[in-house]
Amino acid sequence: IAEQVGRIQLVFAGKAHIRDTQGKEAIRKIFEIKSHLSDKIKLVFLEDYDIELAKKIIPGVDVWLNTPRRPLEASGTSGMKACHNGVPSFSTLDGWWIEGHIEGFTGWAIGDLNPEQSDSDELKDMYYKLEKVIMPMYYNKRDDFIKIMRNCIAFNASFFNTHRMVSQYVLSAYLN
């Protein structure tokens, strides 16, 4: 995709739980893949992802790629923070993205809500959208991409925020 459509830079950030052997294995594979990509795709892994690191990297991201395995996303607050910075999400439909996703308007879904959908199906969809939808728009239709960035702020940031959440909790839990 990088050779055909345009340059790609991947920034992975995370922290595997001490007993998360699958997470640790994924991080090990990232480092293994990095050595095979050489100069074709720039790839970096930032360890110990936390709020301070998020403050530094989120505003500089072009697309927030999030690939939780359904239904394991706690909420996806980093993607919520990204939308406040005009960063479209490209994510599995889990956590907040089930509500915040409007395909091609606030970002893109990886796969759909079909519980029978396999990892392989989601992977094919992710690569297809990167190659045929997202990257061509980013490189060749900047005005369309910027419109999606604005939609992230106008629609998602206006809804996924602490003010709305607290108001909704008070109205639903305490005043009813």
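The rules behind each value
- Residues numbered from 1 in each chain as written.
- Predicted model: local features only at pLDDT ≥ 70, side-chain atom pairs only at ≥ 80, totals over all residues.
- Heavy atoms only, no water.
- pLDDT = per-residue confidence, 0-100.
- Helix = DSSP H or I, 4+ residues; strand = E, 2+ residues; numbered from the N terminus.
- Salt bridge = Lys/Arg side-chain N within 4 Å of Asp/Glu carboxyl O.
- Buried < 20%, exposed > 50% of the residue type's maximum accessible area, 1.4 Å probe, protein only.
- Pairing = 2+ DSSP bridges.

Peer 1: Looking at this model, I keep getting lost on the confidence of the model for the chain. Mind explaining?
Peer 2: Parts of the model with low pLDDT should not have their predicted coordinates read in detail. Across the chain, pLDDT averages 89, with 99% of residues at or above 70. Mean pLDDT in the chain bottoms out at helix α1 (residues 21-37), which sits at 84, and peaks at strand β5 (residues 107-110), which reaches 97.

Peer 1: Hey, could you run me through the pattern of salt bridges in this one?
Peer 2: Should their charged atoms come close, side chains of opposite charge can pair. With the rule as written, the count across this model stands at 9 salt bridges. Residues Glu 25 and Arg 28 are paired through a salt bridge, measuring 2.5 Å at the closest nitrogen-oxygen approach. Remark: Arg 28 and Glu 25 occur in helix α1; sequence separation between them is 3 residues, near one turn of the helix. A relative accessible area of 41% means that Arg 28 is categorised as partly exposed. Salt-bridge contacts for Arg 28 lead to Glu 32; the nearest nitrogen and oxygen are separated by 2.9 Å. Residue Arg 28 and its partner Glu 32 are both found in helix α1; the two are separated by 4 residues, about one turn of the helix. Three or more residues are tied together by salt bridges with common partners; here these are Glu 25, Arg 28 and Glu 32.

Peer 1: Can you help me understand the pairing of strand β4 (residues 89-92) in this one?
Peer 2: Within a regular strand, the side chains alternate between the two sheet faces. Alignment of strand β3 (residues 64-66) against β4, held across 3 bridges, turns out to be parallel. Paired with Leu 65 across the strands is Phe 90, a residue of β4. Inspection of the sheet shows β4 paired to β5 by 4 bridges, in the parallel sense. Counted as the bridge partner of Phe 90 is Trp 108 from β5.

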